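Now for the letters of each chain:
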Amino acid sequence: MKLSDDIISIKGIGDKTRTAFSKLGIHTVKDLVFYYPRTYKTYSEPVPVSSVSEGDRVAVFCKVVTYVESHKGKRYNITSLSASDDSGTIRMVWFNMPFLRSTFHKGESYIFYGTVKYSGNMRVMEMPEYFTQFKYQEMLSTMQPVYPLKAGITNNAITRAVASVKDVIVGLDEYLPEDVMRAKGLMTRSQALMQIHFPENEENLRRALSRIAFDEFLLFLIKVKKLRETTVTIPNEHIINKEAVLKKNAFISGLPFSLTEGQLSAIEDIVHDMSSEYMMNRLVQGDVGSGKTVVATVALLMNSLSGYQGALMVPTEVLALQHYEELSRVLKPYKLNVELLTGSMTAKEKRTVYERLKDGSCDIVIGTHALIQEKAEYKDLGLVVTDEQHRFGVKQRENLSEKGICPNTLVMSATPIPRTLAIILYADMDISVIKELPAERKRIKNCVVGTDYRHSAYSFIRQQVAEGHQAYVICPMVEESDKTDAEDVINYTEELRDNLGPDIRISYLHGKMKELEKADIFRSYVNREIDVLVSTTVIEVGINNPNSTVMMIENAERFGLAQLHQLRGRVGRGEAQSYCIFINVKKTEDSVKRLKVLEESNDGFYIASEDLRLRGPGDFFGIRQSGDMDFQIADIYKHADMLKLAQDISLEIGDEIEGRIVL
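What comes next concerns the included structure. (Residues numbered from 1 in each chain as written. Predicted model: local features only at pLDDT ≥ 70, side-chain atom pairs only at ≥ 80, totals over all residues. Heavy atoms only, no water.)

Within the protein chain, the secondary structure is distributed over 22 helices and 22 strands. The burial tally for the protein chain puts 53% of its 663 residues in the buried class. When contacts within the protein chain are restricted to residue pairs at least 6 apart in sequence, long-range pairs at least 24 apart make up 72% of them. Counting only carbon and sulfur atoms, one obtains 50% of the accessible surface of the protein chain, whose full area is about 29900 Å². (Helix = DSSP H or I, 4+ residues; strand = E, 2+ residues; numbered from the N terminus. Buried < 20%, exposed > 50% of the residue type's maximum accessible area, 1.4 Å probe, protein only. Contact = heavy atoms within 4.5 Å. Areas by Shrake-Rupley, 256 points an atom, 1.4 Å probe, with all protein chains shown as cover.)

The subject of this paragraph is the sheet that holds strand S19 (residues 506–509). The strand order across the open sheet built from six strands is S17-S22-S21-S18-S20-S19, with neighbouring strands paired in parallel fashion. This sheet does not close on itself; its edge strands, each paired only once, are strand S17 (445–449) and S19. Direction aside, neighbouring strands of the sheet carry axes that sit 15° apart on average. When strand S18 (residues 470–474) meets strand S20 (residues 532–535), the two strands line up parallel, connected through four bridges. From the neighbouring strand, valine 473 faces S20, where its bridge partner is valine 534. Contacting S18, S20, strand S21 (548–553) and strand S22 (579–583), helix H16 (residues 454–466) crosses the sheet at an angle of about 165° to S21. Across the sheet, helix H19 (residues 561–568) lies against S17, S18, S21 and S22, angled at about 150° from S21, the strand it touches most. (Pairing = 2+ DSSP bridges. Axes fitted to C-alpha atoms, helices over the stretch in contact; angles between N-to-C directions.)

Glancing now at the pairing of S19. Summarising the sheet, S19 and S20 pair through four bridges and their orientation is parallel. Considered in S20, the bridge of leucine 509 is made with serine 535. In this fold, the crossover linking S19 to S20 by way of helix H18 (residues 515–526) has right-handed handedness. (Right-handed = clockwise from strand over helix to strand, strands pointing away.)

Another aspect to go through is unusual backbone geometry. Positioned with a positive phi, lysine 335 is a non-glycine residue whose angle comes to about 55°. Residue position: lysine 335 is located in the loop between helix H12 (317–330) and strand S12 (338–341). Look at lysine 335 and you get exposed, because its relative accessible area is 76%. Its identity as a non-glycine residue notwithstanding, asparagine 555 has a phi of 50°, on the positive side. Take asparagine 555: it is sitting in the loop between S21 and H19.

The next subject is the pattern of salt bridges. Within the structure shown, the criterion is met by 26 salt bridges. In this structure, the salt-bridge partner of lysine 117 is glutamate 126, at a minimum N-O distance of 3.5 Å. With a relative accessible area of 21%, glutamate 126 lands in the partly exposed category. In this structure, glutamate 377 and lysine 358 form a salt bridge, with 3.7 Å as the shortest nitrogen-oxygen distance. A residue pair is termed long-range when its members are at least 10 positions apart, and glutamate 377 in the loop between strand S13 (364–367) and strand S14 (381–386) and lysine 358 in helix H13 (residues 347–359) qualify at 19 residues. In this structure glutamate 377 comes out as partly exposed when scored by relative accessible area, which is 39%. Residues joined in a network through salt bridges with shared partners are Glu174, Arg189, Arg211 and Asp215. (Salt bridge = Lys/Arg side-chain N within 4 Å of Asp/Glu carboxyl O.)

Strand order in the open sheet formed by seven strands is S12-S13-S11-S14-S15-S10-S16, and the pairing between neighbours is parallel. Edge positions in the sheet fall to S12 and strand S16 (430–434), since each has one partner strand and no second. Within the sheet, the average angular offset between the axes of one strand and its neighbour, ignoring direction, is 20°. Relative to S16, strand S10 (residues 281–286) is paired through five bridges, and the arrangement is parallel.

Attention now goes to the packing of aromatic side chains. Each aromatic ring pair is summarised here by two numbers: the centre-to-centre distance and the angle between the ring planes. Applying the stated criterion to the full structure yields 18 aromatic pairs. The interplanar angle of 75° and the centroid separation of 6.4 Å between the aromatic rings of phenylalanine 34 and tyrosine 36 together place this pair among those described as edge-to-face. Measuring from centroid to centroid gives 5.2 Å for tyrosine 76 and phenylalanine 95, while their planes differ by 50°, and the two rings are tilted. Linking tyrosine 76 in the loop between strand S3 (69–72) and strand S4 (77–84) with phenylalanine 95 in strand S5 (residues 89–95), this pair joins segments that are 19 residues apart in sequence. For phenylalanine 95, a relative accessible area of 6% gives the class buried. Each residue in the set Trp94, Phe104, Tyr110, Phe112 and Tyr130 is aromatic and connected to the rest through ring pairs, giving one cluster. A cation over an aromatic ring shows up here: lysine 166 above the ring of phenylalanine 198, its NZ or CZ 4.5 Å from the ring centre. (Phe/Tyr/Trp six-rings, centres within 6.5 Å; stacked < 30°, edge-to-face > 60°. Lys NZ or Arg CZ within 6 Å of the ring centre and 35° of its normal.)

Here we come to the nonpolar core. Of all hydrophobic cores here, the largest spans 58 residues; its most connected members are Phe21, Leu32, Ile158, Leu176, Phe214, Phe217 and Ile649. Taken together, the elements giving at least two residues each to this core come down to helix H1 (15–22), helix H2 (29–33), helix H4 (155–164), helix H5 (166–170), helix H6 (178–184), helix H7 (189–197), helix H8 (202–231) and helix H22 (640–657). The contact partners of isoleucine 158, leaving out residues within four places of it in the chain, are Phe21, Leu24, Leu32, Tyr35, Tyr147, Pro148, Leu149 and Ile153. Among the nonpolar cores identified, the runner-up in size contains 57 residues, and Ile240, Ala296, Met313 and Ile372 belong to it. (Core = buried A, V, L, I, M, F, W, Y, C linked by side-chain atoms within 4.5 Å.)

Next up on the list: helix H10 (residues 261–275). In this model H10 runs 21 Å from its N-terminal to its C-terminal C-alpha over 15 residues, within 8% of the 21 Å that 1.5 Å per residue would give. Within H10 the residues assigned to the buried category are Gly262, Gln263, Ala266, Ile267, Ile270, Val271, Asp273 and Met274. (Expected span 1.5 Å × (residues − 1).)

The next thing to look at is the packing of H16 against helix H17 (residues 489–500). Direction vectors running N to C along H16 and H17 enclose 70°, while the axes themselves pass 10 Å from each other. With respect to each other, H16 and H17 are oriented roughly perpendicular. Residues Arg454, His455, Tyr458, Ile461 and Arg462 of H16 form the contact with H17, whose own contacting residues are Tyr492, Glu495, Leu496, Asn499 and Leu500. In terms of residue class, the contact of H16 with H17 is built from five nonpolar, two polar and three charged. (Parallel < 35°, antiparallel > 145°, perpendicular 65-115°, else oblique. Nonpolar A, V, L, I, M, F, W, Y, C, P; charged D, E, K, R; others polar.)

Moving on to the packing of H19 against helix H20 (residues 589–600). The geometry of H19 relative to H20 is characterised by a closest axis approach of 11 Å and an angle of 35° between their N-to-C directions. The way H19 lies across H20 gives a crossing that is right-handed. Contact residues: H19 offers Leu561, Leu564, His565 and Arg568, while H20 offers Arg594, Leu595, Val597 and Leu598. A breakdown of the residues in the contact of H19 with H20 according to their chemical character gives five nonpolar, one polar and two charged. (Left-handed = near helix turned anticlockwise from the far one by under 90°.)

This part covers the pairing of strand S11 (residues 309–313). Judged by how many residues are buried, S11 sits mostly within the fold: five of five residues are covered. In S11, alternate side chains face the same way, and those of Gln309, Ala311 and Met313 on one face and Gly310 and Leu312 on the other are all buried. The pairing of S11 with S14 spans five bridges and is classified as parallel. Within the sheet, the bridge partner assigned to glycine 310 lies in S14 and is leucine 383. In the sheet, S11 pairs with S13 via four bridges, with the strands oriented parallel. Note on S13: the bridge partner recorded for alanine 311 is valine 365.

The following block contains the structure:
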C-alpha cells in the first residue's frame, strides 16, 4: 500500500465509510496518516467520592445503589442512577442513552470516569464512561487518541483505519540526515507519526509533537525563503507621487489627536516603500489599540491620491462596515469614492460596486472575502491592505493581491508575537512595530474575581452606565446546553435584565446571527441605543466603541490568554478610565496563575511571552497562535525551540531537502 492509494483500499472501508471519511477531507492513505488526533484521553487511578471537587475529571469505583431511571427532559432523554463507595454518593447522568437502563443493575460495581459538577449539594457526573474493574486496569496504561469527527464517522473507525496502515507509516522515507537527527535529539518521521497516533507515554508523545512541529516549520520557512527571493525585486508599478506625500502630512496635522512615534515611524516606512522602485510587502505589527488602522488609512490615501485603487480586507462584516463609515468620514475632504463590499449585500448592490471597481470610479473598497470573488475586477489595484491578517489564510491574501498587477501589500496584525519570532515567521516581509498606545488612553484596570463578585460587578456596571458609559459582557456559549455549565449569551441577557433593572438597555450578539442583524445591533450599540452588550467572542476583532468602559468576561478560564487580551482591547479606546473584570468560575491553580498575568499587565507582547513560559509539556493542544500558517501541530510559542531549529536547518540544507518533505 502507498500514501497515494485511495482510502477504500484499506481493509474494512467500503463505499459508505469512504463517503464518511471524505467529509473529514480524508480521501487517500496520506490524508489519513496526516489526520492527527485533537487530544488524548488518559485514565487515572480511582479516587474516593468524598475527595472530588467541582471540575475534577476523575475515576471513582462505586456500587450502583438505586434502580436506573429514564425520563424525557426538555431537550434530551435523561438516564440516571446513584452510585456509592465507602466515602459518599454521586449521581450519574447520561443524555439520549436510554439503552443504559438494561446495562446497570442495583448492587453491581463499576468504575465511572468523567467530570464532576455539583447540582445543589449533590455530586454529579454527566456522560461518564463506565468500565469493569478488569477493563479499567487495561486502560490505565494507555493514551487514547481523540480525533476531530463529523456525523457518520466514529473515533474507533479512524483508529482502526490508522492501525491498518501502520506498515505504510513505518516505511516512510526520512529526509533529514541521520547525524542531524542524532545531534538535535529528533525522532524519525515514521516514529513521530506512530507515536502521535498510538502514543506509548507522554514523553514519547511530546517528542513526536516536537518533530511534526519541526517538519511544519521547516516546510513553511523553505517556502517563505523562496517567496522572498521572488518578491524582493519585483518592480513597483504603483509609485506614489510627491503631491500625495505632502497631502499625507496635511491629513496627519488635521487629526484631532497626535500620532505616536511608532505610528509615525510605520508611516515613514510605508512612504519609503511605496516611493521606491520595488514593490512594498510590509507587515505592521502592533498591540491591541495601538492605532494600526490610522496607519493603513494614510497608506490608502496616498495610494488613491496617486491615481490607483486601494482595497482593505477585514475578517467580519461588522468590522468592514465600521471601517467603511470611518474612512468615508475622514477622507471626505479629499473627494475619494469609498465603497463597501460584503457577502450579505444584495445582488444589485454588489453589481453596482463591481461596475465602479471595473471602470475605476471606486477609489477605495472595504470589505470581507467578497473582495476576492471572481466577479470583483479592478481597473488598477495599487494597494492591498489586510487587517487582522491572522484571520485570513495565505491563499486568501494571495487571491486579493492577484486582483491587480503586483500591487503594494500591507498586512496588519494584532497577534502579539515576540519580534524575534516575527522576523522568522514573516521573513518574506519587512516589519514595522508599533509599541506604544496613544497618549490619551489610560491603562485599563483589571481584576480577576470569583462568582461571588458577580453582584458587585453588576452594581459597578450600573454605575458606569449612569455616568453615560457602556459595557460589554462576554460569554463562551450562544445558548444554554445541558452538557455544560458555561454562561450562555441568551439566558445571561435575561439574568442581566433582572439584575440591572428596566432602566438599563441590554441586547445580545453572537456569531450565529445573520451579518445584517449583527451590524444593526452593533450600530445601535455605537449610537448609544444599547447600554450593555452581551456577546460571544464575535466582538474580539477590531470592534471600536470609545464610549465602552467595562468589559466583563464570564468563564474567563475557558479562554486563551491571547484571546482574552484581544477581548479586553475592546475597552480602553477612549479618554475615560476603563475596566476589565475576569470571572474565574473554576478557580483551579492553573487558571488562577494564568489569569494573574492578565490582571498584572496590559502588554500583549509580555502576555505572549508569559503564555509561552506557563505552557508546560502536558499542554499539548492549547490555543494555537500560528495565525495564517495553517499549521496542524506547530505552535510558535510552545514549539519556539523547534522554530529556531527549523530556521537553522533551512539555512544550512533547505535547498537539498525541500522536495523530500511530505506533510
